[in-house]
Amino acid sequence: MSRLTREAWLESHAYLRPVGELCARIERAAADLGVEAAPLPDWSACAADYREGVPLLASAAAALDLEPAGRMTLRLVVAVASDTAARRLASEASALAADLGARPDAARLVGEWLPGGEGLEPPSPGLLRHLGWTAASRSLGPVVRAFARWRDEDLWQRKYCPTCGSAPAMGQLVGVDPGRQRFLVCGGCGDRWRYRRTQCPFCENDAQRLTVLAVEGEAGLRLDSCDACRGYLKTYDGQGNEDLLLADWSSLHLDVLACDRGLQRRAASLYDLEPLLSSSGAQRID
Ligand SMILES: [Zn+2]
Ligand SMILES: [Zn+2]
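Each value, and the rule that gives it
- Residues numbered from 1 in each chain as written.
- Chains lettered and ligands numbered in written order.
- Predicted model: local features only at pLDDT ≥ 70, side-chain atom pairs only at ≥ 80, totals over all residues.
- Heavy atoms only, no water.
- Donors = N, O, S within 2.8 Å, 3.2 Å for Na, K, Ca; no water.
- Tetrahedral: all angles 85-135°; square planar, octahedral: opposite > 155°, others 65-115°.
- Helix = DSSP H or I, 4+ residues; strand = E, 2+ residues; numbered from the N terminus.
- Buried < 20%, exposed > 50% of the residue type's maximum accessible area, 1.4 Å probe, protein only.
- Contact = heavy atoms within 4.5 Å.
- Pairing = 2+ DSSP bridges.
- Phe/Tyr/Trp six-rings, centres within 6.5 Å; stacked < 30°, edge-to-face > 60°.
- Lys NZ or Arg CZ within 6 Å of the ring centre and 35° of its normal.

Student: Mind showing me how you'd approach the coordination of the zinc ion (ligand 1) here?
Tutor: In an ideal octahedron of six donors the angles at the metal are 90 or 180 degrees, and in an ideal tetrahedron of four donors they are 109.5 degrees. The protein atoms that coordinate the zinc ion (ligand 1) are Cys-161 (SG), Cys-164 (SG), Cys-186 (SG) and Cys-189 (SG), at distances spanning 2.3 to 2.4 Å. Here the zinc ion (ligand 1) binds four donor atoms, and the angle range of 98 to 120° at the metal identifies the geometry as tetrahedral.

What follows is the structure, given as structure tokens:
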């Protein structure tokens, strides 16, 4: 399949432009900060927890240091707070920066809060989650890639991310039968893991089939829904355009379509940015 650019996608999906550009601004700000990589754990110490289904970031045996991810997040919050071209975003980020800046242990607290920990009640949790995972996925990139090489996928097959424990944000189908495989995609740390083709990744019902709604002209994106729980997962049936089509924001219009059909989003989302988006008109989808 030919390579799709973000700009071409935004031209054919004009209603996604505000969210697409907001994400691009944040990604550029994160890229400018460089990467402070989290150190790799001792994999042999992680094996028992992995077999038990403990996500890597929650594993006491792995003892992963999340402070580098926390420090990168704090730097990103400060950078976004000074983005004079995006005033609404900057003012929310300023309030976050002031709140977090008052705590000497903020880097550690943010690092622990991101994968579902406690100890923080930030003024804009949706924005902090978005900025935090944008930064943390860069910090954790080497760990996520090394973990994927080390682990035996057959031993996981669970409905949550083996690295950070999040529910999937999207799915992907890869290859052709008989070797076709389904992966679940984490919207937070960026990991992908294999999952049974016919099982619902929310209620775990396996009726041997999911209802598929293929959408014309959407480059292989489709909705896979479960008749038991009415949950759905946006799924990219294809390869080559992962960066764009598995980004979740690029298919927010399919969430609207699913909602119109009475389906419920149970997938994790980093787009709990409603105040920011409604001010730019992104919620109006024709
Ligand atoms: Zn994850
Ligand atoms: Zn279900």
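We are not done yet, so read on.
Student: Quick question: what am I supposed to make of the environment of Leu-109 here?
Tutor: Within the secondary structure, Leu-109 is located in helix H6 (residues 106–113). According to the relative accessible area criterion, Leu-109 is buried, its value standing at 7%. Sequence-wise, Leu-109 and Phe-147 are 38 residues apart; in three dimensions their C-alpha atoms are separated by 24 Å. Every residue in contact with Leu-109, bar those within four places of it in the chain, is listed here: Arg-103, Gly-119 and Leu-120.

Student: In this structure, what is going on with the pairing of strand S3 (residues 192–195)? I would like to understand it.
Tutor: Regular strands have side chains that alternate between both faces of the sheet. Where strand S2 (residues 181–185) and S3 come together, four bridges link them in antiparallel fashion. Across the sheet, residue Phe-183 finds its bridge partner in S3, namely Arg-194. Linking S2 to S3, which pair antiparallel, is a turn of six residues; within it Gly-190 sits at a positive phi near 90°.

Student: Teacher, can you tell me more about the packing of aromatic side chains here?
Tutor: Two measures describe an aromatic ring pair: the distance that separates the ring centres and the angle between the ring planes. Counted according to the given criterion, the structure contains seven aromatic pairs. Judged by centre distance (5.8 Å) and plane angle (80°), the ring pair of Tyr-50 and Phe-147 falls under edge-to-face. With a gap of 97 residues between them, Tyr-50 in helix H3 (residues 43–52) and Phe-147 in helix H8 (residues 141–150) connect regions that are remote in the sequence. An identical accessibility class is assigned to Tyr-50 and Phe-147; each is buried. Between Trp-156 and Tyr-160, the ring centres sit 5.4 Å apart and the planes meet at 80°, which makes this aromatic pair edge-to-face. You can call Tyr-160 partly exposed: its relative accessible area is 24%. Between Arg-158 and the ring centre of Trp-156, over which it is positioned, the NZ or CZ distance is 5.5 Å.

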